[in-house]
Amino acid sequence: MPIFFPFSKQKGYKEVVKVGEDTKYVGLGLLNLENNESYTDKTGKEEKVLVILSGKCNVKVGGQFFKDLGGRENVFSGKATAVYIPINSVYEIEESDGKNAEIVIVSAIAEKQYQPFVVNPEDVIVNFRGNDGYRREVHDIIVEKVEGKVDRILVGETFSYPGQWSSYPSHKHDKYDPPVETEMEEIYYFKVYPKEGFGVQVIYNDDLTLRESFLVKDGDTVVIKEGYHPVAAAPGFKVYYLWVMAGPYGRKLTPKDDPKLVDAMKNN
């Protein structure tokens, strides 16, 4: 079943989705740093990706120092900067602009240890997808381009235009059925602009024994363990979600579209 975590304001770090408790493979935490504040942690058995939502920061990991990363005002103002942190690492994040920095720390259970690296905005691959009614912009951050540099994790950002659907036609990836479908858990972390707006997260399966929907506001999180999972943006508002995926059968994403929905769309 899906898990919904409504936004709650916090200082410093807050673990929202815990690997091994809420999920098997993926996790998510939120970090807010004020003027020159810092945060230090260990990765253990999880590879992590730091996605800078706003502000600037320095990152130290594995003897490397990455300076003044980020800089976008908010997620709607530019492409992301991210840092990959391998398993068995100690890392430190420090706010570097004398203001505030907001960072999402996503993770996946992993076995292989790689080297840390930075994904700069110019490295992000932008895809424009969909047709009338479901146009959106998808930014690949840690996807195919980094194959061989990470173990399990996939990370990106989706920007849903006002009044449009995304993750549509509805797709799922909860069964290992090659070459039709792979098995991956997923987490969505939402932002809405302006903040007064909302989106709708729908989750359902073929026989409708799973049939859920959530009104999502700025800062909410949804864990998707199974089922088709489209998102709608209310007219007049942009809806963003950061997504992280991982599963037991490699990093190749093979989603399965809802066949009944696709057939009905063709015949309509």
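For clarity, every value in this text was computed on a predicted model and none was experimentally measured.

Draft legend 1. Structural context of the overall build of the chain. The number of helices and strands found in the chain is one helix and 25 strands. In terms of overall size, the chain behaves like a compact globule, its C-alpha atoms giving a radius of gyration of 18 Å where 268 residues would be expected to give roughly 18 Å. Dimensions of the chain, computed from the C-alpha atoms along their principal axes, are close to 55 × 40 × 35 Å. By the burial criterion, 53% of the 268 residues in the chain qualify as buried. Restricting the contact set of the chain to residue pairs at least 6 apart, pairs at least 24 apart contribute 75%. Carbon and sulfur atoms form 48% of the exposed surface of the chain, whose accessible area is close to 12,400 Å². Each charge class in the chain can be summarised by its mean position, and for the 34 positive and 41 negative side chains these summaries are 1 Å apart.

Draft legend 2. Region of interest: the side chain of Ser166. Position of Ser166 relative to the elements: it lies in strand β15 (residues 165-166). Looking at Ser166, its side chain comes within polar contact range of the side chain of Ser160, at 2.7 Å. Among all residues touching Ser166, those that are not within four sequence positions of it are Arg136, Thr158, Ser160, Pro230, Val231 and Tyr241.

Draft legend 3. Quick look at the packing of aromatic side chains. For the structure on display, the rule yields 14 aromatic pairs. Ring centres of Phe76 and Phe159 lie 6.3 Å apart, and the angle between their planes is 75°; this geometry places the pair in the edge-to-face category. With a gap of 83 residues between them, Phe76 in the loop between β7 (64-70) and β8 (81-85) and Phe159 in strand β14 (residues 154-160) connect regions that are remote in the sequence. The class for Phe159 is buried, based on a relative accessible area of 10%.

Draft legend 4. The arrangement of the pattern of salt bridges in detail. Applying the stated rule across the entire model yields twelve salt bridges. Residue Asp97 is joined to Lys99 by a salt bridge in which the shortest nitrogen-to-oxygen separation is 3.9 Å. Take Lys99: its relative accessible area is 54%, and that puts it in the exposed class. Residues Asp174 and Lys172 are paired through a salt bridge, measuring 2.9 Å at the closest nitrogen-oxygen approach.

Draft legend 5. Here's a closer look at unusual backbone geometry. The residue after Tyr168, namely Pro169, is reached through a cis peptide bond having omega 0°. Summarising the element assignment, Pro169 is placed in the loop between β15 and β16 (171-172). For the bond running from Pro178 to Pro179, omega is 0°, close enough to zero to count as cis. Here Pro179 lies in the loop between β17 (174-177) and β18 (181-183).

Draft legend 6. Main features of the sheet that holds strand β22 (residues 221-224). Read across the open sheet, the seven strands follow the order β1-β22-β19-β24-β14-β13-β12; overall the sheet is antiparallel. The sheet terminates laterally at β1 (3-5) and β12 (125-129), the two strands that pair on one side only. Pairs of neighbouring strands in the sheet enclose a mean axial angle of 20°, with direction left out of account. As judged from the six bridges shared by strand β13 (residues 136-142) and β14, these two strands associate in the antiparallel manner. Paired with Val138 across the strands is Thr158, a residue of β14.

Draft legend 7. Seen up close, the sheet that holds strand β9 (residues 90-95). Spatial ordering of the open sheet is given by β4-β9-β6-β7, a layout of four strands whose pairing is antiparallel. Edge strands, defined here as strands with exactly one partner in the open sheet, are β4 (38-42) and β7. Each adjacent strand pair in this sheet contributes to an overall mean axis angle of 15°, direction not counted. In the sheet, strand β6 (residues 56-61) pairs with β7 via five bridges, with the strands oriented antiparallel. Counted as the bridge partner of Val61 is Gln64 from β7.

Draft legend 8. How the structure looks around the side chain of Gln201. Relative to the helices and strands, Gln201 is located in strand β20 (residues 199-204). A distance of 3.3 Å separates a polar side-chain atom of Gln201 from the backbone oxygen of His229. Once residues lying within four places of it in the same chain are set aside, the contact partners of Gln201 are Tyr188, Phe190, Glu212, Ser213, Phe214, Val216, Val222, Ile224, His229, Pro230 and Val231.

Draft legend 9. Region of interest: the environment of Ile187. Within the element layout of this structure, Ile187 appears in strand β19 (residues 185-193). On a C-alpha basis, the gap between Ile187 and Asn100 in space is 25 Å, while along the polypeptide they are 87 residues apart. Every residue in contact with Ile187, bar those within four places of it in the chain, is listed here: Val17, Val26, Gly27, Leu28, Thr221, Val222, Val223, Leu242, Trp243 and Val244.

Draft legend 10. Representation of the nonpolar core within the structure. Counting 34 residues, the largest nonpolar core has Leu28, Val49, Val51, Val106, Ile142 and Ile153 as its most contacted members. Per-element tally for this core: the top contributor is strand β24 (residues 238-246), with four residues. Setting aside anything within four residues of it in sequence, one finds Val106 in contact with Gly27, Leu28, Glu47, Lys48, Val49, Ile153, Val155, Leu242 and Val244. Formed by 19 residues, the second largest nonpolar core is a distinct cluster that contains Val143, Met184, Leu210 and Val231.

Criteria and cut-off values
Chains are numbered independently. Their residues run from 1 in the order of the written sequence. Totals for whole chains, interfaces and linings use every residue, but because this is a predicted model, local features are given only for residues with pLDDT of at least 70 and side-chain atom pairs only at 80 or more, for both listing and counting. Calculated side-chain values reflect all of the structure's heavy atoms, with hydrogen atoms and water omitted. Each helix corresponds to a stretch of at least 4 residues labelled H or I by DSSP, and each strand to a stretch of at least 2 residues labelled E; elements are numbered beginning at the N terminus. In this description the radius of gyration comes from C-alpha coordinates, and the expected globular size is given by 2.2 Å times residues to the power 0.38. Per-residue accessibility, obtained with a 1.4 Å probe over protein chains only, is compared with the maximum for each type, and a residue is labelled buried under 20%, exposed over 50%, and partly exposed between these values. The contact criterion used throughout is that any non-hydrogen atoms of two residues lie within 4.5 Å. Note that accessible areas follow from Shrake-Rupley with a 1.4 Å probe, and for residues the cover is restricted to the protein chains shown. Only four residue types enter the charge count: Lys and Arg as positive, Asp and Glu as negative, with His and the chain ends excluded. In plain terms, the charge of a residue is placed at NZ if it is Lys, CZ if Arg, CG if Asp and CD if Glu. Whenever two N or O atoms come within 3.5 Å, that pair is a polar contact, provided that in protein one can donate a hydrogen and the other can accept it, and provided that, for residues adjacent in sequence, both atoms are side-chain atoms. Put simply, two rings from Phe, Tyr or Trp (the six-membered ring, in Trp's case) pair if the centres are within 6.5 Å, and we call them stacked under 30 degrees between planes, edge-to-face over 60, tilted for the rest. What counts as a salt bridge is simple: a side-chain nitrogen of Lys or Arg found within 4 Å of a carboxyl oxygen of Asp or Glu. In this analysis, strands are considered paired if DSSP registers two or more bridges between them. For helices, the fitted line uses only the C-alpha atoms of the stretch in contact; every axis is such a line through C-alpha atoms, and the angle between N-to-C directions lies from 0 to 180 degrees. Side-chain atoms within 4.5 Å link the members of a nonpolar core, which is a set of buried Ala, Val, Leu, Ile, Met, Phe, Trp, Tyr and Cys residues.

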